[in-house]
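# Structural overview
Below, each chain spelled out in residue letters.
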There are 2 protein chains.
Amino acid sequence: MSISSRFSVGIHILALIAINKNERSTSEFLAGSVNTNPAVIRKIMGMLKTAGLVNVQPGIAGAELAKDLSAITLFDVYKAVNVVQEKELFSIHDNPNPECPVGKNIQSTIEPLFIKAQSAMEKVLNSLTLEDVVKDINDKENIC
Amino acid sequence: MSISSRFSVGIHILALIAINKNERSTSEFLAGSVNTNPAVIRKIMGMLKTAGLVNVQPGIAGAELAKDLSAITLFDVYKAVNVVQEKELFSIHDNPNPECPVGKNIQSTIEPLFIKAQSAMEKVLNSLTLEDVVKDINDKENIC
DNA sequence: TTTAAATGTAATTATTATGGTTACAAGTAA
DNA sequence: TTACTTGTAACCATAATAATTACATTTAAA
């Protein structure tokens, strides 16, 4: 199983808003680039707005970044779109048998190990910003 | 979304086989500790067997570890039970618009970043062994 | 050789998350 | 007033999970 593509779509949206900053980035425009339905974009945009990453207003066409590109990490986006809950990248089976030494202790033994693994992954996401993403795209396009 | 509990169940099974090494660990016995159905245990056991982590035979009651506890990493178990495909911890939306500079490049830009994050997580799993798990359980139980 | 017990595996089910789609109320600007 | 946009809710198809039942196959012991 994989982590929802809401995350990659969120990155796509934010990068496109930045690159398209001289034009209005409506949900229809963004949907055309992502290749999905405008309603899907608006739902994700709502999450990005709640997280304080974008400014959008009902009735007003277009979204804008609420922060500088370099101030938005991939971890910020990841948290914003709610693809993985805190400490729950790995699920642990519940109700193991408390009368068995393994069943009684397996959860408390495993949990810190799983958290350590999840944290290592999230630390990488926290070290990357949207600026890195946009720069790479611009390099590939020879723009700017 | 979370990674399947097959992973934590796999760890549970292997740890219990090790701790119960003087008795036969049948799928029914293991299921009693995990608190699930014996058929679920047998399915996971089949994966662990394919990965060379346990020895089981049709008709013969009980499973045994195929390697030393210290020679089985959590990454081995993770791969064995097939909870995350290689390079696919994060899914990336497909068919972005190739006529848009962002749509054209987003996949190739994001993929290495996602792989880097996934690798960091897997590296942690690779640094932990079943011996660590069993020792912790034994410590908590004051056994040996 | 028969019997009992265990593994291997397929089929079925309920539950949940995802991603897409349609529809429409509400807000804004021309 | 009109046209356009955002925000949301409702609904659907699909896929993965985990549990359950059932049964063929294999082994060992009576």
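See above for the structure.
Throughout what follows, the structure given in this document is the object of discussion.

What counts as what
Residues numbered from 1 in each chain as written. Chains lettered and ligands numbered in written order. Predicted model: local features only at pLDDT ≥ 70, side-chain atom pairs only at ≥ 80, totals over all residues. Heavy atoms only, no water. Helix = DSSP H or I, 4+ residues; strand = E, 2+ residues; numbered from the N terminus. Rg over C-alpha atoms; globule rule 2.2 N^0.38 Å. Buried < 20%, exposed > 50% of the residue type's maximum accessible area, 1.4 Å probe, protein only. Contact = heavy atoms within 4.5 Å. Areas by Shrake-Rupley, 256 points an atom, 1.4 Å probe, with all protein chains shown as cover. Lys, Arg positive; Asp, Glu negative; His and termini not counted. Charge placed at Lys NZ, Arg CZ, Asp CG, Glu CD. Expected span 1.5 Å × (residues − 1). Arc of directions from axis to C-beta. Buried area = accessible area lost by both parts, 1.4 Å probe. Salt bridge = Lys/Arg side-chain N within 4 Å of Asp/Glu carboxyl O. Nonpolar A, V, L, I, M, F, W, Y, C, P; charged D, E, K, R; others polar. Least-squares fit on C-alpha atoms with pLDDT ≥ 70 in both. Pairing = 2+ DSSP bridges. Near = heavy atom within 4 Å. Polar contact = N/O pair within 3.5 Å; in protein donor to acceptor, adjacent residues only side chain to side chain. Core = buried A, V, L, I, M, F, W, Y, C linked by side-chain atoms within 4.5 Å. Axes fitted to C-alpha atoms, helices over the stretch in contact; angles between N-to-C directions. Parallel < 35°, antiparallel > 145°, perpendicular 65-115°, else oblique.

Looking only at helices and strands, chain A has six helices and two strands in total. In sequence order, chain A lays out its α and β elements as α-α-α-β-β-α-α-α. Here the C-alpha atoms of chain A give a radius of gyration of 19 Å, more than 25% beyond the 15 Å that 2.2 N^0.38 yields for 144 residues. C-alpha atoms of chain A, sized along the principal axes, occupy 65 × 30 × 25 Å. Across the 144 residues of chain A, 47% fall into the buried class. Taking all contacts inside chain A whose residues are at least 6 apart in sequence as the whole, residues at least 24 apart take part in 62%. Here chain A displays about 7,100 Å² of accessible surface, and carbon together with sulfur accounts for 46% of that area. Between the mean site of the 14 positive side-chain charges and the mean site of the 16 negative ones, chain A shows a separation of 3 Å.

Helix length check: helix 6 (residues 130–141) of chain A, at twelve residues, gives a terminal C-alpha distance of 16 Å against a target of 16 Å (1.5 Å per residue), a fit within 8%. Turning to helix 6 of chain A, its buried residues are A:Leu130, A:Val133, A:Val134, A:Ile137 and A:Asn138. Angularly, the buried residues of helix 6 of chain A cover 130 degrees about the axis, an arc narrow enough to put them on a single face. Where the residues of helix 6 of chain A are buried, they touch helix 1 (6–19) and helix 4 (74–80) of chain A together with helix 5 (101–126) of chain B.

What follows covers the interface of chain B and chain A. Facing the 55 residues of chain B at the interface are 55 residues of chain A. Roughly 4,700 Å² of surface becomes buried between chain B and chain A when both sides are summed, with 67% attributable to carbon and sulfur atoms. Broken down residue by residue, the surface that chain B buries against chain A is led by B:Met1, B:His93 and B:Val102, which jointly contribute 13%. Scanning the region where chain B abuts chain A turns up two salt bridges. For B:Lys104, the salt bridge is made with A:Glu141, and the minimal N-O distance between the two is 3.1 Å. Contributing elements (two or more residues each) for the side of chain B that touches chain A: helix 1 (6–19), helix 2 (27–34), helix 4 (74–80), helix 5 and helix 6 (130–141) of chain B. Of all the elements, helix 5 of chain B adds the most residues to the side of chain B that touches chain A, at 18 residues. Classifying every residue of the side of chain B that touches chain A gives 31 nonpolar, 17 polar and seven charged.

So, about the relation of the copies chain B and chain A. Overlay of chain B on chain A (RMSD 0.0 Å): rotation 180 degrees, translation along the axis 0.0 Å. When the rotation and shift are considered jointly, the pair of chain copies conforms to a two-fold rotation axis. Proximity to the rotation axis, assessed at the C-alpha, singles out B:Met121 in chain B; its C-alpha lies 2.4 Å from the axis.

Let us look at the pairing of strand 1 (residues 54–57) of chain A. Residues and elements named next belong to chain A. Direction of pairing for strand 1 relative to strand 2 (residues 60–65): antiparallel, over a ladder of three bridges. Within strand 2, the residue paired with asparagine 55 across the bridge is glutamate 64. Taken together, strand 1 and the strand that follows it, strand 2, pair antiparallel across an intervening segment of two residues, in which glycine 59 is found at a positive phi of about 85 degrees.

For DNA strand D, the set of nearby residues contains 24 residues, the closest of which are A:Ser27, A:Arg42, B:Ser4, B:Ser5 and B:Thr36. A share of 63% is what sugar and phosphate atoms reach among the atoms of DNA strand D within 4 Å of the protein. A distance of 2.8 Å is found between a base nitrogen of DNA strand D and a side-chain nitrogen or oxygen belonging to A:Arg42. Interatomic distance of 3.3 Å between a backbone N/O atom of A:Gly62 and a phosphate oxygen of DNA strand D.

As a further point, take the protein's contact with DNA strand C. With respect to spatial proximity, 23 residues lie near DNA strand C, and among them A:Ser4, A:Ser5, A:Thr36, B:Ser27 and B:Arg42 are the closest. For DNA strand C, the backbone portion of the atoms within 4 Å of the protein, that is sugar and phosphate, comes to 63%. At a separation of 3.4 Å, a phosphate oxygen of DNA strand C approaches a polar backbone atom of B:Gly62. When contributions to the surface near DNA strand C are tallied by element, the ones reaching two or more residues are helix 3 (38–50) of chain A together with helix 3 (38–50), strand 1 (54–57) and strand 2 (60–65) of chain B. When the residues that make up the surface near DNA strand C are grouped by side-chain class, the tally is nine nonpolar, ten polar and four charged.

Grouped together as the largest cluster of nonpolar side chains are 97 residues, with contacts concentrated most on A:Phe7 and B:Phe7. Ignoring anything within four residues of it in the chain, the contact list for A:Phe7 reads A:Leu74, A:Val77, A:Tyr78, A:Val81, A:Val83, A:Leu125, B:Phe90 and B:Phe114.

Further remarks concern the packing of helix 1 of chain B against helix 3 of chain B. All names here are of chain B. Where helix 1 contacts helix 3, the axes come no closer than 10 Å and their chain directions differ by 80 degrees. With respect to their mutual orientation, helix 1 and helix 3 come out roughly perpendicular. Together, Arg6, Val9, Gly10, Ile13, Leu14 and Ile17 of helix 1 and Ile41, Ile44, Met45, Met47 and Leu48 of helix 3 make up the contact between the two elements. Of the residues in the contact of helix 1 with helix 3, the class split is nine nonpolar, one polar and one charged.

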